[in-house]
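Single-letter residue listing:
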Amino acid sequence: MLNTVRETNPMPEQAPDIRSKNFLEVSIGYTEETAINEALRCLKCRDKPCISGCPVNIRIPEFIDEVAKGDFEAAYKVIRETSSLPAICGRVCPQETQCQGKCVRGKKGDPVSIGRLERFVSDWYAEHYGNILPEAVESNGHKVAIIGAGPAGLACAGDLINLGYEVTVFEALHKKGGVLIYGIPQFRLPKEIVDREIKALEAQGVKFVTNAVIGRSMFIDELIDEEGFEAVFIGTGAGLPAFMNIPGENLIGVCSANEYLTRINLMKAYLPEYDTPMMKAEKIAVVGGGNVAMDACRCAKRTGAKEVYVIYRRGQEELPARLEEVHHAMEEGVQFKFLTNPVKIIGDESGKVTAIECVEMKLGEADASGRRSPVAKEGSNFQIPVDLVIMSIGTKLNTLILDTTDNLDANKKGGIGADENAKTNRPEIFAGGDAVTGAATVIKAMGAGKKGAASIHEYLSKKS
Amino acid sequence: MKDFEITYKKRLNSNMVWLKVYAPLVAKHAKPGQFIILRTDEFGERIPLTMAGHDSKDGTIDLIYAAVGKTTLLMDQLEKGDCFADIVGPLGNPTETKGLKQVLVVGGGTGNALAYPLAIGMKDAGAQVDMIEGFKTKDLVILEDELRSKLDNVYVVTDDGSYGEKGFTTDKVKELLSQGNSYDEIVAVGPPIMMKYVCQIAKEHSIPSVASLTAYMVDGTGMCGGCRIKIGGEDKFVCVDGPEFDGSLVDWEDLINRSKYYSKQEANAKAHICTLTGGVRYHA
């Protein structure tokens, strides 16, 4: 029977004043009863707009229907047919602009909480069947190399191994998972979940080579010409952090969000038994308004900072971060300085940061992206005393693969040139995710990884 | 042979050690001037180290380090047959050797270990290579025989005059230039302050200079940006744009300040190495 309540079932969470002092997962997850109750809100619309909002086209109404019937295992199988990493996507997808953004229930009241249901189903499955690893897949004899063990590479590997390919994933870091491991913090995506998904891929036969920087340790042409790989998928991620080019950016106490998050998430610098150092600070400013900025400011809170500011040059409406993260950050006591832009970072005689100087902004004409571009108000300069500044203003593309691969074309942005089917100008090379588009989201990268797998399958099927 | 197994260990002086480590994926394409990042164990930090050499046939790389910080002190506990948790590389750009005919390489202290492969690499590429090795005192002198057997001229100087000639490397550079030696490049590898003055002298004589920089870094592939440094007014990353840069463009004050980024945390970490176990870890 349809649940006609306009409001969605709230997500049980750790209380803000408790969770802002620990790294445990913030959202606790739906119970079976809540999940069924939420699933019963689905209208089972005939044209299923939610599916078109999903980059990997999960058959959403179908899995929700299974949840409503209480058959969570069946629900999991429906999701697993199109998504290789459901426990991850349920947690990190920006559902409000994807599936839930299209939900008809959202027109009058809250959309169905598809993300929370996806998370519930995969957690339920892991709890009941988590120790049962999938079986190894029989090889079809064709070798495919994947560069980068992040969301694009893992999704590509998941689809290719199911098709019988011999898949080897090369990863530059010592740990597999890419941004899921070094970028997204434990309290938003527990690392055990990422490890579980990777173990499942390994059980199916995917090989991983860590500590391998393709373009330095090995080259793509070498993989093809000497190592017998018939196709290569490049999913190397976004690349180099951007800085603002303002005075004082190289002072002690200024770092990129990439560096800050990597020290915390990959290197566990916040735990005393790990050697990696990190800057402990009382007052921290995070510059930027994306998901990475939200991760950084919330980590800053958890490392014991008394005051944490997010400095963003546009207004709250324009924040590119996922809604839930902004909401969580605010609850946890992060102070948002909207329409504010840094112009200078000030240090003392020992070269350490003491303050950040900003100007107030107002919104002017809409720019190319359709967002109104901010303009500085003359003479509105003011300073905020801080001892750590974290720059989270985006990334520039890394050219290592392009520089070291024969005749591989770049796109206009300087990324690897690949079409919507992940095809590059070289027939045996495919690419997708942030390495092609610049910084985007986990699910878009996964979508590109799946496109890559389909195109590789098509290419190798024709070839043999 | 296991990955990252130590196959050879030799103490060079009171605090410097030469290791050969099995790392075939690194050794295969390694070139002089490139570096690796290593991790001792699960709890270890990632630290960059320039390779002192490699053997692509044996799959080994050479690492020379000074036991000065927590990680290098922990490395000192490892013996032949022990393994590192991780080694990744080769990273960074190789030394540019093209077209060089006469080169002066200047090494300071532990920098001599990093200058060593670079000088040999240039010699192998066909240049005439002179080298100045500078140390604080006699006990710290390393690699003299190895360098003498390969290079054209090797000059050893010590700050206190206990070995070789008394003086700083900069004095010797000035002397060689005033004697009419001409070089088409001067390479400096050592403490930032030494590199700064060597590159200044080169500039005064209108000789191009190259400085090999070290910096804090986490991933070594351009992702963290911790190793950024101002070069000619622009931010460059030591890991992907370097580690070697035009010495006349390096912002030395920036480099010197940034080299102190974690000095407080490092002093703390070092003070917490267990005096009973010498750093051997006991947590599971």
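Residues numbered from 1 in each chain as written. Chains lettered and ligands numbered in written order. Predicted model: local features only at pLDDT ≥ 70, side-chain atom pairs only at ≥ 80, totals over all residues. Heavy atoms only, no water.

Trainee: Report on the overall build of chain B, specifying residues and quantitative values.
Mentor: Scanning chain B for helices and strands turns up 9 helices and 15 strands. A globule of 284 residues ought to have a C-alpha radius of gyration of about 19 Å, and chain B, at 18 Å, matches this closely. If one aligns the C-alpha atoms of chain B with their principal axes, the spans along those axes are about 60 × 40 × 40 Å. Excluding contacts between residues fewer than 6 apart, the proportion of contacts in chain B whose partners are at least 24 apart in sequence is 63%. Counting only carbon and sulfur atoms, one obtains 51% of the accessible surface of chain B, whose full area is about 11900 Å². (Helix = DSSP H or I, 4+ residues; strand = E, 2+ residues; numbered from the N terminus. Rg over C-alpha atoms; globule rule 2.2 N^0.38 Å. Contact = heavy atoms within 4.5 Å. Areas by Shrake-Rupley, 256 points an atom, 1.4 Å probe, with all protein chains shown as cover.)

Trainee: Run through the overall build of chain A, naming residues and quoting values.
Mentor: Along its length, chain A carries 18 helices and 16 strands. The buried share of chain A, taken over its 464 residues, is 58%. (Buried < 20%, exposed > 50% of the residue type's maximum accessible area, 1.4 Å probe, protein only.)

Trainee: I'd love a proper account of the sheet that holds strand β2 (residues 16-22) of chain B, names of residues and values included.
Mentor: Residue and element names in this part refer to chain B. If you walk across this open sheet you meet the 6 strands as β1-β2-β5-β4-β3-β6, and the pairing is antiparallel. Each of the sheet's edge strands pairs with one partner strand only, and the pair in question is β1 (6-11) and β6 (86-91). Averaged over all neighbouring strand pairs, the angle between strand axes comes to 30°, with direction disregarded. Strand direction decides the pairing type here: strand β4 (residues 47-55) and strand β5 (residues 60-66), joined by 4 bridges, are antiparallel. In the sheet register, methionine 51 faces β5, and the bridge partner there is leucine 63. Packed on one face of the sheet, helix α3 (residues 111-124) meets β2, β4 and β5 and runs near 40° to β4. (Pairing = 2+ DSSP bridges. Axes fitted to C-alpha atoms, helices over the stretch in contact; angles between N-to-C directions.)

Trainee: Explain the pairing of β5 of chain B to me, using residue names and the numbers behind them.
Mentor: Residues and elements named next belong to chain B. Where burial is concerned, most of β5 is hidden: 7 out of the 7 residues are buried. Side chains Thr60, Asp62, Ile64 and Ala66 of β5 all project onto a buried face; the interleaved residues Ile61, Leu63 and Tyr65 project onto the opposite face, where all are buried too. Judged from the 7 bridges that link them, β2 and β5 form a sheet pairing that is antiparallel. Within β5, the position partnered with leucine 19 by the bridge is leucine 63.

Trainee: How would you sum up the packing of aromatic side chains? Please name residues and give values.
Mentor: Residues and elements named next belong to chain A. Evaluated as defined, the whole model comprises 12 aromatic pairs over all chains. Centre to centre, the rings of phenylalanine 23 and phenylalanine 187 are 6.1 Å apart; their planes meet at 55°, and the pair counts as tilted. Residue phenylalanine 23 is found in the loop between α1 (16-19) and α2 (32-39), and its partner phenylalanine 187 is found in the loop between α10 (179-182) and α11 (191-204); the two are separated by 164 residues along the sequence. Three or more aromatic residues joined by ring pairs make a cluster, and in this case those are Phe72, Tyr76, Phe120, Trp124, Tyr125 and Tyr129. (Phe/Tyr/Trp six-rings, centres within 6.5 Å; stacked < 30°, edge-to-face > 60°.)

Trainee: Give a detailed account of a nonpolar patch on the surface, specifying residues and quantitative values.
Mentor: Residues and elements named next belong to chain A. Together, Leu2, Leu43 and Val104 make up a nonpolar patch on the protein surface, roughly 210 Å² of accessible area in all. Among the secondary structure elements, leucine 43 is positioned in the loop between α2 and α3 (49-52). Note on leucine 43: relative accessible area 39%, which makes it partly exposed. (Patch = residues over 30% accessible without salt bridge, like charges linked within 9 Å, V, L, I, M, F, W, Y side chains within 5 Å. Salt bridge = Lys/Arg side-chain N within 4 Å of Asp/Glu carboxyl O.)

Trainee: Tell me about the interface of chain A and chain B, and name the residues and values.
Mentor: At the interface, 43 residues of chain A touch 44 residues of chain B. A per-residue breakdown of the area chain A buries against chain B is headed by Arg216, Asn250 and Asp275 of chain A, which together make up 21% of the total. At the boundary of chain A with chain B, the tally comes to 3 salt bridges. Here glutamate 227 of chain A makes a salt bridge to lysine 28 of chain B, at a shortest N to O gap of 3.8 Å. Here chain A is connected to chain B by 21 residue pairs in polar contact (both at pLDDT 80 or more). Residue assignment for the side of chain A that touches chain B shows that the elements contributing at least two residues are β5 (240-241), β6 (254-256) and α13 (257-266) of chain A. With 4 residues, the single largest contributor to the side of chain A that touches chain B is α13 of chain A. Of the residues contributing to the side of chain A that touches chain B, the split by class is 20 nonpolar, 14 polar and 9 charged. (Buried area = accessible area lost by both parts, 1.4 Å probe. Polar contact = N/O pair within 3.5 Å; in protein donor to acceptor, adjacent residues only side chain to side chain. Nonpolar A, V, L, I, M, F, W, Y, C, P; charged D, E, K, R; others polar.)

Trainee: I'd like a rundown of the side chain of arginine 39 of chain B, residues and numbers included.
Mentor: Tracing the backbone through its elements, the reader meets arginine 39 of chain B in strand β3 (residues 35-39). In this structure arginine 39 of chain B comes out as buried when scored by relative accessible area, which is 8%. Separated by 3.5 Å, the side chains of arginine 39 of chain B and histidine 174 of chain A make a polar contact. Within the local environment of arginine 39 of chain B, its side chain forms a polar contact with the side chain of aspartate 86 of chain B, the two groups lying 2.8 Å apart. With sequence-adjacent residues up to four places away left out, arginine 39 of chain B is seen in contact with His174 and Met267 of chain A together with Gly44, Glu45, Arg46, Phe84, Ala85 and Asp86 of chain B.

Trainee: Tell me about the domain arrangement of chain A, and name the residues and values.
Mentor: All names here are of chain A. Domain annotation of chain A identifies domain 1 (16-129), domain 2 (143-238 + 397-463) and domain 3 (240-395). Taking the mean C-alpha position of each, domain 2 and domain 3 sit 30 Å from one another. Counting residues at the interface gives 16 residues for domain 2 and 16 residues for domain 3. Across the domain 2 to domain 3 interface the summed buried area is about 1300 Å²; carbon plus sulfur atoms make up 59%. Area buried by domain 2 at its contact with domain 3 is led by Tyr182, Phe187 and Arg188, which between them contribute 44% of it. Here arginine 188 and aspartate 295 are joined by a salt bridge, their closest N and O atoms 2.7 Å apart. (Domains from an automatic or database assignment.)

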